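Chain and residue survey
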Amino acid sequence: MDNLSKTYNITMKQKLLYIIFIVIYGINLNAQVSFSHAAGIKLLVPAFNSASVLDIESEPTLGLMYSPRVNVIQFNNSTISLGTHFAMAFEGSFNTNGNNSSSFVFDIPFVIEYNFGLASNRRNTDKFGLYVGGGYGVHNSGGSETISSKISGFIGNIGVRFFSFGVPFDIHASYLKGTGDTSNDSVFGLGLQYTFGF
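Nothing here was measured: the structure is a model prediction, and the numbers come from that model.

Leu 44, Phe 48, Met 65, Ala 87, Ala 89, Val 105, Val 111, Ile 151, Ile 155, Leu 176 and Val 187 together form the largest nonpolar core, which totals eleven residues. Once residues lying within four places of it in the same chain are set aside, the contact partners of Leu 176 are Gly 137, Val 138, His 139, Ile 151, Gly 153, Phe 154, Ile 155, Asp 185, Ser 186 and Val 187.

What follows concerns the pairing of strand 9 (residues 186-195). Taken residue by residue, a regular strand's side chains alternate between the two faces of the sheet. As judged from the ten bridges shared by strand 1 (residues 34-47) and strand 9, these two strands associate in the antiparallel manner. From the neighbouring strand, Ala 47 faces strand 9, where its bridge partner is Ser 186. Pairing geometry for strand 8 (residues 167-178) and strand 9, over nine bridges, is antiparallel. Bridge pairing links Ile 171 to Leu 192 in strand 9.

Here we come to the packing of aromatic side chains. Pairs of aromatic rings are described using the distance from one ring centre to the other and the angle between the two planes. With the rule as written, the count across this model stands at six aromatic pairs. Here the aromatic rings of Tyr 136 and Phe 154 are separated by 6.3 Å at their centres, their planes lie at 90°, and the arrangement is edge-to-face. Of this pair, Tyr 136 sits in strand 6 (residues 128-140) while Phe 154 sits in strand 7 (residues 150-164), and the two are 18 residues apart along the sequence. Since its relative accessible area comes to 38%, Tyr 136 is described here as partly exposed.

All told, the structure shown has one salt bridge when counted by the stated rule. A salt bridge links Lys 42 to Asp 107; the nearest nitrogen and oxygen atoms lie 3.9 Å apart. Pair noted here: Lys 42 is in strand 1 and Asp 107 is in strand 5 (residues 101-117), with a separation of 65 residues, a long-range link. Accessibility expressed as a relative area gives 1% for Lys 42, which makes it buried. A relative accessible area of 3% means that Asp 107 is categorised as buried.

Now for unusual backbone geometry. Peptide bonds are mostly trans, and most non-glycine residues show a negative phi. Despite not being glycine, Ala 119 shows a phi value in the positive range, around 65°. You can see Ala 119 is positioned in the loop between strand 5 and strand 6. Classification of Ala 119 by relative accessible area gives buried; the value is 3%. In the Ramachandran plot, Phe 165 falls in the positive-phi region, its phi being about 55° despite a non-glycine side chain.

Thresholds, definitions, all that
- Residues numbered from 1 in each chain as written.
- Predicted model: local features only at pLDDT ≥ 70, side-chain atom pairs only at ≥ 80, totals over all residues.
- Heavy atoms only, no water.
- Core = buried A, V, L, I, M, F, W, Y, C linked by side-chain atoms within 4.5 Å.
- Buried < 20%, exposed > 50% of the residue type's maximum accessible area, 1.4 Å probe, protein only.
- Contact = heavy atoms within 4.5 Å.
- Pairing = 2+ DSSP bridges.
- Helix = DSSP H or I, 4+ residues; strand = E, 2+ residues; numbered from the N terminus.
- Phe/Tyr/Trp six-rings, centres within 6.5 Å; stacked < 30°, edge-to-face > 60°.
- Salt bridge = Lys/Arg side-chain N within 4 Å of Asp/Glu carboxyl O.

And the structure:
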């Protein structure tokens, strides 16, 4: 019985080692790290509902977006990447009474994404592509010295890549849900980008 048990344990260890070897070998084959990026414009629509930021107006803001990413694992027609969709905008109000105000808006997500089809890597020139991912994000809408307008929490995003008149575009959508003190706050984003390298 002991010999049978030892034989079984050795066989299982051999199988586990074989599986681990195959996985590591497969990852090494496909882990050809590459860099991709896109840039464009993004509309940010915050919804402030927490008590700490009720005095801040939830107005849509249009700004610039830059989306660099590193493709860490590559398959035949897709990649898994780490990156961001950084957006920055300027908002302000000016009137004849002199009560002017201005601030910068920052939207900084850190996401892991699955990219498929067009622009999943620099060699993929399919007519159509998409990506979906999630991670953690921080949004700061300026505010004042006494009122915090920062939202941080989990973010999900999705995008579609396509050619239009021979130019590679990317329609991007994101949703940030606040956590902790900003659990009632959220930010929706919608962007249009040009994909470099094609």
